[in-house]
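# Observations on the model geometry
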Amino acid sequence: MTSPALAPFETVYAPTAMAATVDDLATSAALDVLRRGGSAVDAAIAANAVLGVTLPNQCGMGGDLFALVHQPGQEPAVLTAAGRAGSGASADRLRAAGHERMPAYDIASVTVPGCVDGWTLLHERYGRLPFGSLLDAAIGYAASGFPARSFLADTLTSDKADAARHIEGASPVSGPVGPGTVLRRPDLARTLRAVADGGRGAFYGGEFGKALLDLGNGQFTAGDLQTVQAEWTEPLKTDVFGVRVWSPAPPSSAYLVPSSAWIAERAGLPGDPGDPLWAHVLIEAMRHAAVDRPEVLFDGADGNALLAESRLAPRAAALDPGAAADLSDSYRRAGTTYLSVVDGDRMAVSFMQSNCMSFGSRIPAGQSGVWLHNRGIGFSLRPGSPAGLRPGARPAHTLSPVLVTDERNTLRAAVGTRGGDSQPQVVLQLLARMFGAGQDPATALASPRWTLRGEGDDTSFATWGARGRVRVAVEADAPASWAPGLRDRGHRVEDVAAFAHSSGHAQVIETDPATGLLRGAADPRSRSGSASGF
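Each value, and the rule that gives it
Residues numbered from 1 in each chain as written. Predicted model: local features only at pLDDT ≥ 70, side-chain atom pairs only at ≥ 80, totals over all residues. Heavy atoms only, no water. Helix = DSSP H or I, 4+ residues; strand = E, 2+ residues; numbered from the N terminus. Areas by Shrake-Rupley, 256 points an atom, 1.4 Å probe, with all protein chains shown as cover. Lys, Arg positive; Asp, Glu negative; His and termini not counted. Charge placed at Lys NZ, Arg CZ, Asp CG, Glu CD. Salt bridge = Lys/Arg side-chain N within 4 Å of Asp/Glu carboxyl O. Buried < 20%, exposed > 50% of the residue type's maximum accessible area, 1.4 Å probe, protein only. Pairing = 2+ DSSP bridges. Right-handed = clockwise from strand over helix to strand, strands pointing away. Phe/Tyr/Trp six-rings, centres within 6.5 Å; stacked < 30°, edge-to-face > 60°. Lys NZ or Arg CZ within 6 Å of the ring centre and 35° of its normal. Axes fitted to C-alpha atoms, helices over the stretch in contact; angles between N-to-C directions. Contact = heavy atoms within 4.5 Å.

Okay, the overall build of the protein next. When its secondary structure is counted, the protein shows 17 helices and 21 strands. Along the three orthogonal principal directions, the C-alpha set of the protein runs to about 60 × 60 × 45 Å. Roughly 17,900 Å² of accessible area belongs to the protein as shown, and the carbon and sulfur atoms make up 49% of that amount. Here the protein contributes 47 positive and 54 negative side-chain charges, whose respective centroids are spaced 2 Å apart.

See the structure below:
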């Protein structure tokens, strides 16, 4: 495969409709739905269902989703499909077993998945085509086979991919899995057909639901599965970089995108992304915005308060252009995929769906073909924490999709990425490049990035545990001045490969304000993404 750094990578233009996903099979499914008269929401559901088949390490029906839906002239609607802890969830029991934090690969970190309920509510409100027809492509790929993408192939051949035995063509007896290896998932095809025919009842009340009850052994009840795990919520908004940025409210981490962008702009973000000061100001803005995330992000947190100028202005004032701040005592209180679709009516969807870690909890739900996510790692086991594990609560989420409009609520862009705690960091850089520096989507996506890593922890879900003491991972193709400029300001800089998976798989669809054309691109870091339209 040609290196993304050398391959031609240009912004795609389309006059009518566009989809951008991490897999060209999903993008094609979305475009087929749009051509058949489906809405952007119909197309997003179809694409997400395909991604759950072809990239099970990143997403699937066993996970959660967040989506923002834009219609011209209206405020975006936010769908929060974040599952809740079961009635038998117990922080005391986990602490008594010796756990200081939620165990990642354990049924205790599984919440009732919200994905299928999310599909249902989205379709009820915005769907145009019959719901069952939206799953046709996904069912076909699961039953008849699909070519493995490099990211999935690499994961299945690694030592952590015990999931391989649940995929036909990926088990050890089938030989090594490489890009293009044909894989099949007949169990998942059966579950998808059941959902296509019977909706949420066939999922939560069918084979999947029974398997979840059995695995939970008292952690979940039938009533938990009957409770709808999705709801429409109010969006958050912030004006920054000359546009309006919309994001979901808590328990999503997306508030970090507009808050860090506001801090960076107020602190004097330079216009040149090649300047190490540009990287420094964005890094410090994110650190000031997110240092207290573990204390302030929880189910029921007031998102508008988190974006209040009275809260952010002192942080912007404290940002030092010459040095990385010591935030250890500051501001104290008393595996994912992203896709975007725009249809001919300029309905736009910014859509994020996730298993959390790669293959989630790594626990399959019986023979349903569905892996259970582990979003429960977002709960705290610290006694008295507002983010503590308790029955019926939703954990803090890393999922951070955003929509961008002008002041008249005309669409400017749908933006998002995978990447755990790095999601708001990557989206911040994309917004700064597109709306601060005027870069087109392909240039913004292909440009080098920094991401922050937690103290002594290389997972992408523990960045803020040490209250701002982070390492800065800089891609190898960054401007030569970045690393020394950041080190001179006190940052601990580490090198990562150019176009690294750890730097996110982002997608962008933007409306060209001059021509009204759609223009978009899919992150070259995924090696398989595509943006296409008509």
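After that view of the structure, there is still more to cover.
For the structure on display, the rule yields 29 salt bridges. In this structure, Asp-239 engages Arg-244 in a salt bridge whose closest nitrogen and oxygen atoms are separated by 2.7 Å. The class of Asp-239 is partly exposed, set by a relative accessible area of 46%. Take Arg-244: its relative accessible area is 15%, and that puts it in the buried class. Via salt bridges that share partners, Arg-84, Glu-231, Asp-299 and Arg-394 belong to a single interconnected network.

Moving on, we come to the pairing of strand β18 (residues 493–496). Pairing of strand β17 (residues 471–475) with β18, which is carried by four bridges, proceeds in the parallel orientation. Directly across from Val-474, in β18, lies its bridge partner Asp-495. Handedness of the β17-helix α17 (residues 482–488)-β18 crossover: right-handed.

Here the structure, examined in full by the defined rule, presents five aromatic pairs. When the centroid spacing of 5.8 Å and the interplanar angle of 75 degrees are considered together, the rings of Tyr-126 and Trp-232 count as edge-to-face. Taken together, the positions of Tyr-126 in helix α4 (residues 115–126) and Trp-232 in strand β7 (residues 231–233) put the pair 106 residues apart, joining distant regions of the chain. Between the aromatic rings of Phe-203 and Tyr-204, the centroid separation amounts to 5.0 Å while the plane-to-plane angle is 85 degrees, which identifies the pairing as edge-to-face. In terms of burial, Phe-203 and Tyr-204 fall into one category: buried. Above the face of the Trp-232 ring, Arg-125 is positioned so that its terminal group lies 4.3 Å from the ring centre. Across the ring face of Tyr-105, the terminal group of Arg-362 is positioned such that the distance to the ring centre comes to 3.9 Å.

This paragraph deals with the sheet that holds strand β3 (residues 64–70). Pairing is antiparallel in the open sheet, where seven strands are placed in the order β7-β4-β3-β11-β10-β2-β21. Here the strands that pair on one side only, and so sit at the sheet edges, are β7 and β21 (530–533). For this sheet, the mean inter-axis angle between neighbouring strands, taken without regard to orientation, is 15 degrees. The pairing of strand β2 (residues 18–21) with strand β10 (residues 337–342) spans three bridges and is antiparallel. Along β10, the bridge assignment pairs Ala-19 with Val-341. Where helix α1 (residues 24–35) meets the sheet, it contacts β2, β10 and β21, and its direction lies at approximately 160 degrees from that of β2.

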